[in-house]
Amino acid sequence: AFGLGIVLATQNPVDLDYKGLSNIGTWFIGRLQTERDKARIMDGLEGASGRTSGFDRPGLEQMISGLGNRIFLMNNVHEDAPVLFETRWVMSYLRGPLTRNQIKQLMDSRKAPSRSPVQTSATQAQPAPLEQDVPGPRSSRPMLPPSLPQFFMPLQRSGQEGVKIFYEPMLFGSGNIYYADAKAGITAEDHIALLADFTGDASSINWDEAQGIKLKDDALEKFPDSPDASYSTLPKEAGIQKNYLQWGRMFHEWLYRNHRIELMKSPSLNTVSQPGEDEREFRIRLQVLSHEKRDDLIDRIRKKYTSKIVALEDRIRRAEQAVEREKDQAKQQKIQATLSFGATLFGALMGRKKLSQATLGRAATTAGRAGRVLKETKDIDRAEENVEELKKQLEQLHVVLAEETEEVKRSIDPVSEELERVEIRPKKKDISLSVVALVWVPYGQTEAGGIRPAWDA
């Protein structure tokens, strides 16, 4: 509807949802082997056709199963029926790409048609030398077999004004070394990249004198950045593919015998430094990790004591309520005891008989209430003592919480902690080579005649 088209290609139709298949307008279907793939395709075709009847599913299944090489079934939802078509067999025997010298040779006859017969015969009698025979730097890259991999170091983007670039052939080797020490709980990985000179002998490459560079494999380029650059002569052994297999084995052995790592370990955090990480960078990383671990431990401690503190605060609140309740009860008992004592005294003074039975009863009641007042007073004292004891326990909990928090802060101190040194040697099976190939390294020649590297590493 909006002029937008999407191409969807897959070798596993069963992985696609049938709802997506039902929205395809034009299908190009090759031979399918598995029944699940054919079933998913048929479901999609049936859904895309929009026809409830007249869809020949068995016929299409038989047609798809019998497709040959380079024969495809095209199904267009706007057409009545699918059609079969065969792709062309395309193969070119032309040579390419052509170098500058070869293009010049091809164009010489067109650019100079007015040459004299003498000049033409002289030119034909002395054919141009092949590129392999030209000594020193040349304007074109030496021709190599297509199966032999070659790469180019990236050229510096700045500071190349007035500099003539030429490429030197070198051997590039890179690999990954995996270090593991289960006892120390250490795992690490290191990437090694080296540039070595060709020695003129296929059986020897001096990896000890190779130059270590900080360059990732994906930074290597397939084509030169400077099309006008010249190239140094390629050593004969660098043009033989089987030599690179031998050099790769030598590189693997050299890595095994010469590489080990010495890492720093923090005992408190059980953390190991990374290859190439100095002590300052490691301690900075440890400081960040220590803050995270410290905060985590403090949170755990606080969660541990929070429930106890909340429970104690609730007990203190209930104890204080009990104190208030005991005080109210004691107050009521005092009032009743006072009233009873007054009534008893008044009855004894104003009664006709000095010591009547009622007067004695009231006196006994007054004495009992005075005892209850004393009891309530003692209950108040005990309730207040309970409150004080609970408050002391709460205060002690806060002190313990603060002490444990400070202990955690003191125990995780990566700045003053003494780091352990751990040396790990790799196993042969833990060394994997990434690239061992010919690499063209760019150098710059200034107008004053000086030569300097012109590549980023």
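Conventions used here
- Residues numbered from 1 in each chain as written.
- Predicted model: local features only at pLDDT ≥ 70, side-chain atom pairs only at ≥ 80, totals over all residues.
- Heavy atoms only, no water.
- Helix = DSSP H or I, 4+ residues; strand = E, 2+ residues; numbered from the N terminus.
- Expected span 1.5 Å × (residues − 1).
- Buried < 20%, exposed > 50% of the residue type's maximum accessible area, 1.4 Å probe, protein only.
- Arc of directions from axis to C-beta.
- Phe/Tyr/Trp six-rings, centres within 6.5 Å; stacked < 30°, edge-to-face > 60°.
- Lys NZ or Arg CZ within 6 Å of the ring centre and 35° of its normal.
- Contact = heavy atoms within 4.5 Å.
- Salt bridge = Lys/Arg side-chain N within 4 Å of Asp/Glu carboxyl O.
- Pairing = 2+ DSSP bridges.

1. A few points about helix α2 (residues 35–49)
Here is step 1: Along its 15 residues, α2 runs 21 Å from first to last C-alpha, staying within 8% of the 21 Å computed at 1.5 Å per residue.
Here is step 2: Taken together, the buried positions of α2 are Asp-37, Lys-38, Ile-41, Met-42, Gly-44, Leu-45, Ala-48 and Ser-49. Taken down its axis, α2 places every buried residue within 165° of arc, on the same side. The exposed residues of α2 that point more than 90 degrees off its buried face are Glu-35 and Arg-36.

2. Observations regarding the packing of aromatic side chains
Here is step 1: Taken as a whole, this structure holds ten aromatic pairs when the rule is applied.
Here is step 2: Taken together, a centroid distance of 5.9 Å and an interplanar angle of 25° make the contact between Phe-72 and Phe-85 stacked. Within this pair, whereas Phe-72 is found in strand β2 (residues 71–76), its partner Phe-85 is found in strand β3 (residues 83–86), the two being separated by 13 residues in sequence.
Here is step 3: For the ring pair Phe-166 and Tyr-443, a centre distance of 6.1 Å and an interplane angle of 25° mean the geometry is stacked. A residue pair is termed long-range when its members are at least 10 positions apart, and Phe-166 in strand β5 (residues 164–181) and Tyr-443 in strand β12 (residues 431–445) qualify at 277 residues.
Here is step 4: Taken together through their ring pairs, the aromatic side chains of Phe-152, Tyr-167, Tyr-231 and Trp-440 make up a single cluster.
Here is step 5: Across from the ring centre of Tyr-256, 5.1 Å away, lies the NZ or CZ of Lys-428, which sits over that ring.

3. Here we look at the environment of Pro-453
Here is step 1: If you trace the backbone, Pro-453 turns up in strand β13 (residues 451–453).
Here is step 2: Residue classification places Pro-453 among the partly exposed residues on the basis of a relative accessible area of 44%.
Here is step 3: When the C-alpha atoms of Pro-453 and Gln-156 are compared, they prove to be 9.1 Å apart, with 297 residues separating the residues in sequence.
Here is step 4: Apart from residues no more than four positions distant in its own chain, Pro-453 is found in contact with Gln-156, Pro-442 and Tyr-443.

4. Quick notes on the pattern of salt bridges
Here is step 1: Tallying each qualifying case throughout the model produces eleven salt bridges.
Here is step 2: Ionic pairing is found between Glu-61 and Arg-57, a salt bridge with its closest N-O pair at 3.4 Å. Of this pair, Glu-61 and Arg-57 both sit in helix α3 (residues 57–65), four residues apart, roughly one helical turn.
Here is step 3: For Glu-277, the salt bridge goes to Arg-285, with nearest N and O atoms at 3.0 Å.
Here is step 4: When salt bridges with common partners are traced through the structure, they connect Asp-43, Glu-46, Arg-57 and Glu-61 into a single cluster.

5. As for the pairing of β3
Here is step 1: Here β2 runs beside β3; their pairing, made up of four bridges, is antiparallel. Its bridge partner being in β3, Met-74 is matched across the sheet by Val-83.
Here is step 2: In textbook terms, the turn of a hairpin is the stretch between consecutive antiparallel strands, and for β2 and β3 this stretch comprises six residues.

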